[in-house]
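Structural overview
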Amino acid sequence: MSQVRVPSWPSVRIVLIALALVTAGSLVHFMFLDKPGDLPVYQLAAERMERGEVNYRPGNGPGWAYPPFQALLFIPLNHLGPGADRLVWYASQLAIIALIVWRLQTLLARLGMDLSVEFRQGSLGKRVLIGIVVAGACYYLSWPYIALTNDLFILLFLVLGLEAFCLGRDLQAGFWFGIGVACKLTPLLFLPLLVWQRRWRASAVMAATIAIATLLPDALYPQETGELWCVTWYKTFGAKVSLGQPAAAGGAWYAIDYHNQSLAGTIFRVCAPESLWPAMQNEVGGTSLWPLTPESIRLITLSAFVLTVALLSFICWRRTQPGDLSVDAVCRRLVQGSTVICAMLLLSPQTHKSHYGQLVAPLATLLFIQLARRPSPVVTSVLAFACLCTSLLHRTFIGADLGVLLQGYGTFTWCAIACLAGLAYATLRGPAPLVPFSAGLPLRRAA
């Protein structure tokens with residue numbers, strides 16, 4: 001039986017190159033691309049938390065809408081001098097991107113795939129496909145970086161948790177997934193997967209991490225009202241979420257917002273008649289394609305949810321033992337974890353396009369399947385669509401009006417659906433012998 005493989009030294013060179021780019025890129029971004037983005041919103045929330053003031057205040061502008069633990073990450077920035085906080089932020093985000101790429105590359109290397117070798121020595125078709133996937137991944141990762149959002153933190157926690165889950169490191173997997181939930185609720189979808197896979201230690205650590213991290217702000221910076229931070233968050237935002245409907249919380253979430261690329265948000269924009277649109281309809285740049293009643297829209301949305309959960313259950317149904325480090329077992333867990341990430345993006349009531357940086361994990365998984373497991377035109381088509389659809393249909397290439405209109409109809413959503421369908425297709429076809437690579441790596445025995 002094939003075993004996972006030890007990554008080679010090119011991984012270290014990649015990290016050193018990435019660190020050099022971090023330094024250069026941070027200075028360039030600091031000097032020439034100093035846009036406010038969402039960072040001031042996060043820093044204001046952290047400042048209010050440090051003073052014990054209520055930081056959940058939806059208004060006319062962007063508001064803080066994340067679980068309380070995440071605000072702790074921004075408190076250190078507020079104690080740096082003017083300008084230094086942004087420079088540190090840029091550097092940290094580039095460093096996080098380097099860590100994400102490194103860990104994904106290392107995980108693929110453990111399965112025997114060295115992308116740099118494949119690109120240099122592979123066929124023209126392989127080079128083109130790798131180039132398309134890398135370009136698509138850069139596009140998705142650029143959104144949270146340019147917009148100065150917090151999504152790269154969450155993606156890092158997901159990638160670290162996914163790597164630990166694949167390699168049978170239950171304590172680490174539970175910790176990183178738990179931190180991810182404390183920052184953003186949607187990674188909670190990993191908990192049912194861990195329970196179903198009978199990863200009891202990972203499940204217990206994840207639950208404990210969620211509880212401790214969620215209550216940590218109350219221990220460090222109690223709210224002046226005496227109410228728990230998480231309770232205030234739930235009353236302000238969590239209670240405003242209805243199953244089968246897009247998120248709507250005054251001043252923070254808008255039902256018709258074209259930036260919301262979740263299933264609920266896209267279906268609402270496609271099906272809601274203008275009479276249901278709030279005042280933001282002009283920003284969307286178009287009208288619905290298929291006007292329906294609110295109850296019909298909700299029924300279609302719930303049906304889409306059921307189908308997504310059904311595909312998730314089908315892919316994650318087969319269990320593997322944590323100690324099984326065969327290529328088949330690790331690959332299966334990688335597919336299952338990537339499917340959860342796709343489901344997170346689709347099932348969330350509010351999925352901003354910057355959240356789609358999380359698609360880099362499913363893209364890496366599908367690329368491995370195509371190059372190393374069962375090559376298929378279907379998987380190639382999924383990869384090409386997911387990587388090119390949003391980038392080629394960006395307003396830069398097709399104009400602002402048409403770009404916003406098409407995004408309102410869910411270009412990012414369709415990419416997540418394509419990745420989910422590709423993972424389901426790969427699962428349906430089952431495992432296969434490894435395709436020979438351009439260069440091999442030394443085998444590592446299973447633990």
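This text gives an overview of the structure that appears in the document. Computed from a predicted model, the values in this text were never measured in an experiment.

About the thresholds
- Residue indices follow the written sequence of each chain, beginning from 1 at its first position.
- The predicted nature of this model means local features are confined to residues of pLDDT at least 70 and side-chain atom pairs, given and counted, to a pLDDT of 80 or more, with totals for whole chains, interfaces and linings taken over all residues.
- Side-chain measures were taken over the full set of non-hydrogen atoms in the model, leaving aside hydrogen atoms and water.
- Numbered from the N terminus, helices here are DSSP runs of H or I no shorter than four residues, and strands are runs of E no shorter than two.
- Burial classes: relative accessible area under 20% of the type maximum marks a residue as buried, over 50% as exposed, and values in between as partly exposed (1.4 Å probe, protein chains only).
- Should any heavy atoms of two residues lie within 4.5 Å, those residues are counted as being in contact.
- Pairing of aromatic side chains here covers Phe, Tyr and the six-membered ring of Trp, requires ring centres within 6.5 Å, and sorts the geometry by plane angle: under 30 degrees stacked, over 60 edge-to-face, intermediate tilted.
- Each patch is built from residues lacking any salt bridge and having more than 30% relative accessible area; the joining distance is 9 Å for like charges and 5 Å for nonpolar side chains (Val, Leu, Ile, Met, Phe, Trp, Tyr).
- For accessible areas, the Shrake-Rupley method is used with a probe of radius 1.4 Å. Any residue's cover is judged against the shown protein chains and nothing else.
- We define a salt bridge as a side-chain nitrogen of Lys or Arg found within 4 Å of a carboxyl oxygen belonging to Asp or Glu.
- Multiply 1.5 Å by the residue count of a helix minus one, and that product is the helix's expected span.
- Axis lines are fitted through C-alpha atoms, for helices just across the contact stretch, and the angle between N-to-C directions can take any value from 0 to 180 degrees.
- Any angle that is under 35 degrees is reported as roughly parallel, and any over 145 degrees as roughly antiparallel; angles of 65 to 115 degrees are reported as roughly perpendicular and all others as oblique.
- Among buried residues, the Ala, Val, Leu, Ile, Met, Phe, Trp, Tyr and Cys ones that are joined through side-chain atoms within 4.5 Å form a nonpolar core.
- It is the rotation of the near helix from the far one that decides the hand of a crossing: anticlockwise by less than a right angle makes it left-handed, clockwise makes it right-handed.
- In this count, Pro and Cys sit with the nonpolar residues alongside Ala, Val, Leu, Ile, Met, Phe, Trp and Tyr, while Asp, Glu, Lys and Arg are called charged and the others, Gly among them, polar.

**Considerations on the overall build of the protein chain**
Within the protein chain, the regular secondary structure consists of 19 helices and 0 strands. Split into buried and exposed, the 447 residues of the protein chain put 53% on the buried side. If you take every contact in the protein chain between residues at least 6 apart in sequence, the share linking residues at least 24 apart comes to 74%.

**Focus: the packing of aromatic side chains**
One pass over the structure, following the stated rule, counts 15 aromatic pairs. Geometrically, the ring pair formed by Phe 74 and Phe 153 is edge-to-face, given 6.3 Å between the ring centres and 85° between the ring planes. One end of the pair, Phe 74, is in the loop between helix H2 (39–51) and helix H3 (84–110); the other, Phe 153, is in helix H6 (residues 151–166), and 79 residues separate them in sequence. Note on accessibility: Phe 74 and Phe 153 belong to one class, buried. Centroid distance Trp 143 to Phe 412: 6.4 Å. Interplanar angle 75°. Geometry classified as edge-to-face. Taken together, the residues Trp 143 in helix H5 (residues 124–146) and Phe 412 in helix H19 (residues 411–429) connect sequence positions 269 residues apart.

**As for helix H11 (residues 263–271)**
Among the 9 residues that make up H11, 9 are buried, leaving the element largely enclosed by the rest of the structure. Looking at H11, one finds that the buried residues are Leu 263, Ala 264, Gly 265, Thr 266, Ile 267, Phe 268, Arg 269, Val 270 and Cys 271. In this structure, the buried residues of H11 make contact with helix H13 (294–316), helix H14 (327–347), helix H18 (400–408) and H19.

**Focus on a nonpolar patch on the surface**
On the surface, Leu 215, Leu 228 and Val 231 cluster together into a nonpolar patch covering about 210 Å² of accessible area. Take Leu 215: it is sitting in helix H9 (residues 200–220). For Leu 215, a relative accessible area of 42% puts it in the partly exposed group.

**With respect to helix H15 (residues 360–373)**
Residues three or four positions apart in an α-helix share a direction because the helix packs 3.6 residues into each turn. When the terminal C-alpha atoms of H15 are compared, their 19 Å separation across 14 residues agrees well with the 20 Å that a helix rising 1.5 Å per residue should span. For H15, the buried fraction is high: 14 of the 14 residues fall into the buried class.

**What about the packing of H5 against H15?**
It is at 10 Å that the axes of H5 and H15 come closest, and there the two elements cross at 175°. In terms of their interaxial angle, H5 and H15 are classed as roughly antiparallel. In this structure, H5 contributes Lys 126, Leu 129, Ile 130, Val 133, Ala 137, Tyr 140 and Leu 141 to the contact, and H15 contributes Val 360, Leu 363, Leu 367, Gln 370 and Leu 371.

**Examining the nonpolar core**
Judged by nonpolar contacts, the single largest core of 124 residues is most densely connected at Trp 64 and Phe 190. Setting aside residues up to four positions removed in sequence, Trp 64 forms contacts with Val 41, Tyr 42, Ala 45, Asn 55, Tyr 56, Gln 70, Ala 71, Phe 74, Asn 150 and Phe 237.

**So, the environment of Trp 229**
Residue placement: Trp 229 occurs in helix H10 (residues 229–236). According to the relative accessible area criterion, Trp 229 is buried, its value standing at 0%. Remark: the alpha-carbon pair of Trp 229 and Gly 52, spanning 177 residues in sequence, is separated by 9.7 Å. If near-sequence neighbours (up to four positions away) are discounted, Trp 229 is found in contact with Met 49, Gly 52, Glu 53, Val 54, Asn 55, Tyr 56, Pro 68, Pro 217, Asp 218, Tyr 221, Pro 222 and Gln 223.

**Observations concerning the packing of H11 against H13**
Where H11 contacts H13, the axes come no closer than 10 Å and their chain directions differ by 145°. By crossing handedness, the relation of H11 to H13 is classed as right-handed. Each of Leu 263, Ala 264, Ile 267, Phe 268 and Cys 271 in H11 lies in contact with H13, whose residues at this interface are Ile 297, Ile 300, Thr 301, Ala 304, Phe 305 and Thr 308. By residue class, the composition of the contact of H11 with H13 is 9 nonpolar, 2 polar and no charged.

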